[in-house]
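Each chain, letter by letter, is given below.
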Amino acid sequence: MNHNMNDLDKHLKKYKDKEITLEKIRDLCKPGSRIYIGSGCSEPVYITEYLTTQNLTDCDILHYFSLTSQRFFNESDPALFRHNSLSIVNSAKMRDAIAEGKSDYTPIMASDIPKLLKSERYTINIAFIQISPPDQNGYCSLGINIDLNRSIIDVAEITIAQINPLMPRTMGDSFIHINEIDYFIFNKMPLIEYNPPETSEVFHEIARNTAKLIEDGSTLNFGVGKITYLLPQYLKEKQDLAIFSEFLMESIIELIEEGVVNCKKNTYPHCMISFILGTKRFYDFIDNNPFFEFHPTEFITNLLEIAKNKKLCSVYSALSVDLIGQVTNDLPKRLYSGIGAEADFIQGSLLSEGGKSIIAIPSTTESGKSRIVPILMYSPIALRAFEIQYVVTEYGIANLHGKTLRERVLSLIGVAHPKHRKWLLSQAKQANLIYQDQKIPMSEDGTVLNYPQVSWTYDIRGEEKVNVRPIQPIDERAIQELYYSLTPDDRVLRFFTNRRYFSHKLTHYIINSIDYNKQYIIGGFVGKEVGNQRIIAITEYHCNKESDFPELGELAITIHKDYRGKGLGRFLIDTIIKVAKENNIKGLRGDVLKYNKGMIHLLESLPYNVTFIQEIESCSFRFRFDDLKAVKNEP
Ligand SMILES: CC(C)(COP(=O)(O)OP(=O)(O)OC[C@H]1O[C@@H](n2cnc3c(N)ncnc32)[C@H](O)[C@@H]1OP(=O)(O)O)[C@@H](O)C(=O)NCCC(=O)NCCS
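Residues numbered from 1 in each chain as written. Predicted model: local features only at pLDDT ≥ 70, side-chain atom pairs only at ≥ 80, totals over all residues. Heavy atoms only, no water.

Asker: An account of the overall build of the chain is requested, with residue identities and associated values reported.
Answerer: Scanning the chain for helices and strands turns up 20 helices and 28 strands. When the backbone C-alpha atoms are referred to their principal axes, the chain occupies close to 105 × 60 × 35 Å. Residue burial in the chain is summarised as follows: out of 635 residues, 58% are buried. A fraction of 69% describes how many contacts in the chain between residues 6 or more apart in sequence connect residues 24 or more apart. As displayed, the chain offers around 27,400 Å² of accessible surface, 50% of which is attributable to carbon and sulfur atoms. Charged side chains of the chain number 73 positive and 79 negative; the gap between the two group centres comes to 5 Å. (Helix = DSSP H or I, 4+ residues; strand = E, 2+ residues; numbered from the N terminus. Buried < 20%, exposed > 50% of the residue type's maximum accessible area, 1.4 Å probe, protein only. Contact = heavy atoms within 4.5 Å. Areas by Shrake-Rupley, 256 points an atom, 1.4 Å probe, with all protein chains shown as cover. Lys, Arg positive; Asp, Glu negative; His and termini not counted. Charge placed at Lys NZ, Arg CZ, Asp CG, Glu CD.)

This is the structure we're talking about:
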């Protein structure tokens, strides 16, 4: 953007015959013209501001991503302009106009738009774009929006560019020769700026949860939105991230400056993008910066190109997700955001090695309605149930990939707002999506409980990490599998009988009893995939009002045989004791077979005075947290 004005004059002079005035531009916009206007912050405002005051007649205005579309809805005389949004709806005014039938919308995937524009079905009479001034060789940069501009220049009958020295000179497939345009008008004016969206703590929490899914070495792809704007600030501890995204927002700058986004591990050595949204700070950062490669829509949204990226994490927001995992970006009778490049990237992330598709949404609307809904019936489906892997809310992460309908329902109820969970549960039962006796954790008075979002990590001698967290209803199958993996001897140790069945009927009552207070179960999980880990340990306490010791929790523990003798049993007992103390439980009790040396050793080595009462084959034990063993003084 630091152009020497003398050079600039010299370069432009060579092409003087292409210079045009605003009045001549108006004359070229004949009634019935189809006019394409450059997208986002690159809109050639000097031209469009003038034209909207000129009473053009019956012009069809075509936009991809418009930040100023309100200019093109003429309330007094709708015959002057008819606005058509390609793929994306991105302003309240545009939503109103479409809902009221005053504006058009074309549903189409971003990757398909260049083909449509180039097809015989479509004629673009005039295209208005904004570009940087030519260099000594006559090359201008398409600036911060390459998106559809290259296709447009190829197909428009007349291309008119606003040449603006404040348009950043961007790298990549961004250059056109000035001879490729028909006319230009020179004007130095600040570009439109896109200011950071307003956010609240809920969005920060969702961004924090989303960040848990981003592994080192991932390639990021973002959709527009508050959560994706906030996400970079929660990725500062990650390493070797890369970018392959239709667009970028300004909040990425810190990650680049701090070397977190360095593109070292990805297929492409630079940030691959098609346009940016931001303020002058971002424009200055991107100007002449070879770390950013700008590419046209046909490249950046090409499924095969997207799939070449490793660990591509596509993060998009949505309006609603239903209980089987279908996603909509629109309301039942009102288009809200349309399609854009979301479907292209979500599909691409499924093809990418180690890729993840992530939908990150608040659990409720601002007015408190659930955004996780029973079944989407009247809204257009933007993403199908099999395309989404993760749904993230402020209540956690639901991993849907490879999950049955029943598991999807339970996972999604687990991240819904607690005040809507009972309703979702009953709707799912009505649709026979889950067991009719399925319950979710509730307090004694019937209030649905939030699943605690605590977790602990046990590092097995630096070889493997065990993720320890509270059990949820979705874990029922995992618990059954752990019990079925026990040998007959172990079953006797744990249940005092060689129990043969751990059916739903027998297992779900344990989970149904959880209230994360008097009844608590925690599990140890291994495996890399969040939400799809294998359970290898479980420990629990249950307080029984009817027992002789209602203030003590009854303790039980099971470790998978492959993970015994590695300190995990001790870690889990210490953890469940910590949890019990926090819940004001006074101590623990239970029964153990006399020959269960491991368990007895574990109990004896606790810092509490443990009372053992011997019976014929077993002994019962109990200890109180306030009854500590006396510390022996060294001789
Ligand atoms: C009992 C059980 C939970 C222990 O878990 P674990 O992960 O193997 O235990 P850890 O590795 O943390 O070992 C804890 C201590 O017990 C000792 N230990 C473990 N197994 C032992 C055994 N069979 N004999 C003697 N000591 C044993 C360990 O050496 C360790 O001692 P240290 O810390 O003083 O060095 C596990 O064996 C199990 O799941 N058993 C089957 C189910 C069961 O018995 N549940 C209890 C019903 S009440």
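Having seen the model, we can carry on.
Asker: Report on helix 16 (residues 476-484), specifying residues and quantitative values.
Answerer: For helix 16, the complete set of buried residues consists of Glu476, Ala478, Ile479, Gln480, Leu482 and Tyr483. If you follow the buried residues of helix 16, they end up packed against helix 17 (488-495), helix 18 (504-512), strand 24 (534-543) and strand 25 (552-559).

Asker: Can you explain the packing of aromatic side chains? Please cite residues and give values.
Answerer: A full pass over the atoms with the stated rule returns 19 aromatic pairs. Ring centres of Phe244 and Phe299 lie 6.0 Å apart, and the angle between their planes is 45 degrees; on these two criteria the pair is classed as tilted. Highlighted residues: Phe244 in strand 11 (residues 242-249) and Phe299 in helix 11 (residues 297-300), separated in sequence by 55 residues. Residue classification places Phe244 among the buried positions, given a relative accessible area of 0%. (Phe/Tyr/Trp six-rings, centres within 6.5 Å; stacked < 30°, edge-to-face > 60°.)

Asker: Before we move on, could you go through the domain arrangement of the chain and cite the residues and values that matter?
Answerer: When the parts of a complex come together, some accessible area is lost, and that lost area is often used as the size of the interface. Taken domain by domain, the chain consists of domain 1 (5-186), domain 2 (201-430) and domain 3 (456-624). Each of domain 2 and domain 3 has a C-alpha centre, and these two points are 37 Å apart. Across the boundary between the two partners, domain 2 contributes 11 residues, which contact six residues of domain 3. Counting each side, the surface lost to burial between domain 2 and domain 3 is near 690 Å², with a carbon and sulfur contribution of 55%. Run the count over domain 2 and domain 3 and you get zero salt bridges. Remark: the boundary between domain 2 and domain 3 carries five residue pairs in polar contact (both at pLDDT 80 or more). Within the residue set of the side of domain 2 that touches domain 3, elements represented by two or more residues are strand 20 (396-399) and helix 14 (405-415). With three residues, helix 14 is the largest single contributor of residues to the side of domain 2 that touches domain 3. Partitioning the side of domain 2 that touches domain 3 into residue classes produces four nonpolar, four polar and three charged. (Domains from an automatic or database assignment. Buried area = accessible area lost by both parts, 1.4 Å probe. Salt bridge = Lys/Arg side-chain N within 4 Å of Asp/Glu carboxyl O. Polar contact = N/O pair within 3.5 Å; in protein donor to acceptor, adjacent residues only side chain to side chain. Nonpolar A, V, L, I, M, F, W, Y, C, P; charged D, E, K, R; others polar.)

Asker: Pulling in residues and values, what's your account of the packing of helix 19 (residues 568-582) against helix 20 (residues 597-604)?
Answerer: Describing two packed helices takes the angle between their axes plus the distance from one axis to the other. Where helix 19 meets helix 20, the closest approach of the two axes is 11 Å, and the angle between their N-to-C directions is 45 degrees. Taken together, the axes of helix 19 and helix 20 lie oblique to each other. Of the two possible hands of crossing, helix 19 and helix 20 adopt the one that is right-handed. Taking contact as the criterion, the partners of Gly569, Arg570 and Ile573 in helix 19 are, on helix 20, Met599, His601 and Leu602. Grouping the constituent residues of the contact of helix 19 with helix 20 by class yields three nonpolar, two polar and one charged. (Axes fitted to C-alpha atoms, helices over the stretch in contact; angles between N-to-C directions. Parallel < 35°, antiparallel > 145°, perpendicular 65-115°, else oblique. Left-handed = near helix turned anticlockwise from the far one by under 90°.)

Asker: Report on the packing of helix 14 against helix 15 (residues 418-430), specifying residues and quantitative values.
Answerer: Two elements in contact, helix 14 and helix 15, have axes whose closest approach is 9 Å; the angle formed by their N-to-C orientations is 165 degrees. The pairing of helix 14 with helix 15 is recorded here as roughly antiparallel in orientation. Crossing angle aside, the handedness with which helix 14 passes helix 15 is right-handed. Residue-level inspection shows Val409, Ile413 and Gly414 of helix 14 in contact with helix 15, the latter providing Arg421, Leu424, Leu425 and Ala428. Of the residues that constitute the contact of helix 14 with helix 15, the class distribution is five nonpolar, one polar and one charged.

Asker: Explain the site of the ligand to me, using residue names and the numbers behind them.
Answerer: Ile559, Gly565, Gly567, Asn596 and His601 are the nearest of the 18 residues found near the ligand. At 3.0 Å, a backbone N or O of Lys566 approaches an oxygen atom of the ligand. The side chain of Asn596 places a nitrogen or oxygen atom 2.8 Å from an oxygen atom of the ligand. Starting from 930 Å² of accessible surface for the ligand in isolation, the protein chains cover 72%. At the level of secondary structure, the elements contributing two or more residues to the shell around the ligand comprise strand 25, helix 19 and helix 20. Examining the composition of the shell around the ligand, we find that five residues originate from one element, helix 20, more than from any other. (Near = heavy atom within 4 Å.)

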